[in-house]
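The residues making up each chain are set out below.
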Amino acid sequence: MKERVEKLIKAIHEITPKDRKIKIMNVCGSHEHTITHSGMRSLMPENVELVPGPGCPVCVCSESDIINAINLSKRDDTILVTYGDMLRVPTQIGSIRSNGRNYKMVSAPHEVLKIAKENSDKNVVFFSIGFETTTAPTAALIETGLPENVTILTSQKLTPEIMEILVKDSEVGVDAFVAPGHVSAIVGANAWKVFPEKYGIPTVVAGFEPENLLLAIFRILLQIKEGIAELENVYRGVVKPEGNRKAQELMYKYFEKTDVNWRGIGYIPESGLEFRKEYDHINAKKVFNLPEIEEKKVPGCICDRIVLGKAYPDECKLFGTACTPRDPKGPCMVSMEGACNIWYRFGTR
Ligand code: SF4
């Protein structure tokens, strides 16, 4: 393996056009983890930049949804259930852990059923956040039949839609995408076709091993050298062109595309999923008549710019001093998928 990796790095240096900067963006916390943990940035030609993009669902979860979750957990008749990372995300009124009351952590949606059974005299609200990889399991949970005391507070985002926003933003200036392996397993490699075909941006679906990521980077640079833009998939064992049709059908049975709020960024048209009207009875926003709460920026936090690939974590004045994984001031420092958290744990540039 070491030999193959060395060969790939050598080939990357040989084929890279040296006459301009090349910005390759990943949109997946696990890709950013592999890149930073393996020190891959330091192995690239000087003019090749590997930029983290919006790959962390916790980082972009709307502050309004989190505050509503905190307030739900304060009701005597309600238990809030969510993923561990969400408990620590800071907001203007604290986090679920610091300011909430009745909450429980789960690592997968089906665990909600046990909590609902054990607390049949309470409302159980599942705060379901994330990209396509968590929406599909949430839809599968609903398909099994929810107990009467369960409702769902959704904050689900769509990856291809935010990537299209990035492409149109000249400050970002993306030259190529490494497409996320996990999300692609659900939506299919073909979901990224729009980037080479409409915007002329080479896009390669990759897995999470350093060798596979290096291969994706090599394929991207080869395309750039040859002046072409294509969709390639170097994670074929897992990602099919059409994705997981069953998961897609389930997702769109219960949810539909809508404009959603990305933390620090604002509403992006058709960039998330919300319950279809016929499921109002399990939609916590409707059942509890939850308000839209105005977002307040954390002073000094540049998470919004990091998520959009416009800044690196170590450009934030709070990075590693006032803001650490033990005491996160912004959402990018909370989750193991957040760029600030990854850079803090594994070094910077
Ligand atoms: S280091 Fe902390 S405060 Fe700075 S951008 Fe990252 S999360 Fe925000």
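Everything that follows concerns the structure shown earlier in this document.
Residues numbered from 1 in each chain as written. Predicted model: local features only at pLDDT ≥ 70, side-chain atom pairs only at ≥ 80, totals over all residues. Heavy atoms only, no water.

Draft legend 1. Main features of the sheet that holds strand E1 (residues 22-26). Strand order across the open sheet formed by five strands is E2-E1-E7-E8-E9, with parallel pairing between neighbours. Strand pairing shows two members of the sheet lacking a second neighbour, strand E2 (48-52) and strand E9 (231-233), which therefore form its edges. Direction aside, neighbouring strands of the sheet carry axes that sit 20° apart on average. Alignment of E1 against strand E7 (residues 176-180), held across three bridges, turns out to be parallel. Looking at the pairing, Ile24 lines up with Ala176 of E7. Set on the sheet, helix H11 (residues 210-226) makes contact with E1, E2, E7, strand E8 (203-206) and E9; between it and E8 the angle comes to about 170°. (Pairing = 2+ DSSP bridges. Helix = DSSP H or I, 4+ residues; strand = E, 2+ residues; numbered from the N terminus. Axes fitted to C-alpha atoms, helices over the stretch in contact; angles between N-to-C directions. Contact = heavy atoms within 4.5 Å.)

Draft legend 2. View of the packing of helix H2 (residues 29-37) against helix H15 (residues 339-346). Between H2 and H15, whose axes approach to 10 Å, the crossing angle comes to 20°. In terms of orientation, H2 and H15 fall into the roughly parallel class. The interaxial crossing formed by H2 with H15 has right-handed handedness. Contacts from Gly29, Glu32, His33, Thr36 and His37 of H2 reach H15 at Ile342, Trp343, Arg345 and Phe346. Taken together, the residues of the contact of H2 with H15 break down into three nonpolar, four polar and two charged. (Parallel < 35°, antiparallel > 145°, perpendicular 65-115°, else oblique. Left-handed = near helix turned anticlockwise from the far one by under 90°. Nonpolar A, V, L, I, M, F, W, Y, C, P; charged D, E, K, R; others polar.)

Draft legend 3. Looking closely at the nonpolar core. Phe127 and Phe177 are the most contacted members of the largest nonpolar core, which totals 90 residues. Sequence-distant contacts of Phe127, defined by excluding residues within four places in its chain, comprise Cys61, Asp65, Ile66, Ala69, Leu80, Val81, Thr82, Met86, Ile96, Leu153 and Ser155. (Core = buried A, V, L, I, M, F, W, Y, C linked by side-chain atoms within 4.5 Å. Buried < 20%, exposed > 50% of the residue type's maximum accessible area, 1.4 Å probe, protein only.)

Draft legend 4. Quick look at the site of the ligand. Lining the immediate surroundings of the ligand are Cys301, Ile302, Cys303, Ile306, Cys316, Leu318, Phe319, Cys323, Gly330, Cys332, Met333 and Cys340. Put simply, the ligand lies in the largest cavity. Per-class residue counts for the shell around the ligand are 11 nonpolar, one polar and no charged. (Near = heavy atom within 4 Å. 1 Å grid on protein atoms, 1.4 Å probe; cavity = no way out; pocket = protein on both sides within 12 Å on 5 of 7 lines; lining within 4 Å. Sits in = over half its atoms within 2 Å of the grid points.)

Draft legend 5. Spotlight on the packing of helix H7 (residues 132-143) against helix H12 (residues 245-254). Closest axis-to-axis distance for the H7/H12 pair is 8 Å, and the angle between their directions is 70°. In terms of orientation, H7 and H12 fall into the roughly perpendicular class. Contact residues: H7 offers Glu132, Thr135, Ala136, Ala139, Ala140, Ile142 and Glu143, while H12 offers Ala247, Leu250, Met251, Lys253 and Tyr254. Of the residues that constitute the contact of H7 with H12, the class distribution is eight nonpolar, one polar and three charged.

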